[in-house]
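# Structural description and commentary
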Amino acid sequence: MGEHPNFIRDFVTLREGTEVPETFALWTGITGVSTALGRRVWLDMVKYKLYPNFFIVLTAGSGKCRKSTTIGWLEDIFDLLDPRPTLIAQKITPEALWGALKNEQGNGEVIVKGKDSSEATVVADELTVFLNRRSYEQGLGDLLIQLFDCKRRPEYETRARGKETINNSFLTVLGGATMKGIRDTMPIEDDLRLCRQTTPSCLTFYRNRQPRLNVRTNGQDLGTHPYHRGTGHTGQTRLGLLR
């Protein structure tokens, strides 16, 4: 018998010969599966259903570990899907996010691709552009907390149209960030509250050093490049749960 296709395993192999850490590739691949599954799969917890949505943040120093590279790989794969998932990129207001879930085209702050549903994935290689002090003040943090619960009929008070309801919400977030960026742009009391209320969906993966990069020429392995030393580690940050 042949080996069954495994999207996550195959996605992780994309990192071979690059500076992308295995952990970053793994959880980016998991985001892809989460987006594809949406609300069609769940765990029955008797009193509630647990859906496979996540808030995943790939965290490393500026210019390190190719955070945007692995996120870009997933975006390219999303573009090949039919129907395409609804993708939200970069800066957005709470009302624009709500409109994206309703499949309404925004005013330039949101990129919406795909099907008419209340499911969406935020893909932000610079998370602090999407989620920062200003967006918190506009109410984006509160809306994210509500949407992470995947409620069947969540409500939101819009400025122009009053209270609105969407059906069967599902939101997954994949972002890239630096620790300095998170510290400088997110209010401490708010990011802790967001983490507590989206647990266990909120995961931050921190890599301190570049992975080893083997350099090859004409099929000959020249060993590890001296600039890329150390294997780094995954650790817990204020937004994360994984050690």
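Residues numbered from 1 in each chain as written. Predicted model: local features only at pLDDT ≥ 70, side-chain atom pairs only at ≥ 80, totals over all residues. Heavy atoms only, no water.

Looking only at helices and strands, the protein features nine helices and 11 strands. Across the 243 residues that make up the protein, the buried fraction comes to 48%. Contacts spanning at least 24 positions in sequence make up 70% of the contacts within the protein whose residues lie at least 6 apart. Working note: accessible area of the protein is about 12800 Å², and carbon and sulfur atoms make up 49% of it. (Helix = DSSP H or I, 4+ residues; strand = E, 2+ residues; numbered from the N terminus. Buried < 20%, exposed > 50% of the residue type's maximum accessible area, 1.4 Å probe, protein only. Contact = heavy atoms within 4.5 Å. Areas by Shrake-Rupley, 256 points an atom, 1.4 Å probe, with all protein chains shown as cover.)

With that out of the way, let us pick up the packing of aromatic side chains. To describe a pair of aromatic rings, one takes the distance between the centres and the angle between the planes. For the structure on display, the rule yields six aromatic pairs. Ring geometry for Trp27 and Phe54: centres 5.8 Å apart, planes at 75 degrees, overall edge-to-face. Linking Trp27 in helix H2 (residues 22-37) with Phe54 in the loop between strand E2 (49-50) and strand E3 (55-60), this pair joins segments that are 27 residues apart in sequence. Since its relative accessible area comes to 17%, Trp27 is described here as buried. Pairing Trp98 with Tyr156 gives two aromatic rings, centres 5.4 Å apart and planes at 35 degrees, and the pair type is tilted. Taken as a pair, Trp98 in helix H4 (residues 94-101) and Tyr156 in strand E6 (residues 155-158) lie far apart in primary sequence, 58 residues in all. Given the relative accessible area of 0%, Trp98 is considered buried. Classification of Tyr156 as buried rests on a relative accessible area of 16%. An aromatic cluster is built from Phe7, Phe11 and Trp73, whose rings are joined through pairwise contacts. Over the ring of Tyr51 we find Arg39; its NZ or CZ atom is 4.4 Å from the centre of that ring. (Phe/Tyr/Trp six-rings, centres within 6.5 Å; stacked < 30°, edge-to-face > 60°. Lys NZ or Arg CZ within 6 Å of the ring centre and 35° of its normal.)

Averaged over all residues, the pLDDT of the protein is 76; the fraction at 70 or higher stands at 68%. Low pLDDT (under 50) marks residues 213-243, which in the prediction has 73 contacts with non-local residues, meaning those over four places away or in another chain. (pLDDT = per-residue confidence, 0-100.)

Moving on, we get to the packing of H2 against helix H3 (residues 67-80). Relative orientation of the contacting elements H2 and H3 amounts to 25 degrees, with a least axis distance of 10 Å. Viewed along their axes, H2 and H3 adopt a mutual orientation that is roughly parallel. The handedness of the crossing between H2 and H3 is right-handed. Together, Phe24, Ala25, Thr28, Thr31, Gly32 and Thr35 of H2 and Lys67, Thr70, Ile71, Leu74 and Phe78 of H3 make up the contact between the two elements. (Axes fitted to C-alpha atoms, helices over the stretch in contact; angles between N-to-C directions. Parallel < 35°, antiparallel > 145°, perpendicular 65-115°, else oblique. Left-handed = near helix turned anticlockwise from the far one by under 90°.)

Attention now goes to H2. Taking 1.5 Å as the rise per residue, H2 with 16 residues should run 22 Å; its terminal C-alpha atoms sit 23 Å apart, in good agreement. Among the residues of H2, those classed as buried are Thr23, Phe24, Ala25, Trp27, Thr28, Gly29, Ile30, Thr31, Gly32, Ser34 and Thr35. Positive backbone phi, approximately 55 degrees, marks Gly38, located one or two places after H2. (Expected span 1.5 Å × (residues − 1).)

On to H4, then. With seven of eight residues buried, H4 lies mostly within the body of the structure. Among all positions of H4, only Pro94, Ala96, Leu97, Trp98, Gly99, Ala100 and Leu101 are buried. Residues of H4 that are buried in the fold lie against strand E4 (87-89), strand E5 (119-124), helix H7 (140-148), E6, strand E7 (162-165) and strand E8 (170-177).

Pro83 follows Asp82 through a cis peptide bond whose omega is 5 degrees. Here the phi dihedral of Cys150 falls at roughly 55 degrees; this positive angle occurs in a residue that is not glycine. Assignment of secondary structure puts Cys150 in the loop between H7 and E6. With relative accessibility at 4%, the residue Cys150 sits in the buried group.

The buried count for E3 comes to six of six residues, which makes it a mostly enclosed element. With five bridges joining them, E3 and E8 adopt parallel strand pairing. By the bridge assignment, Ile56 is partnered in E8 with Leu174. (Pairing = 2+ DSSP bridges.)

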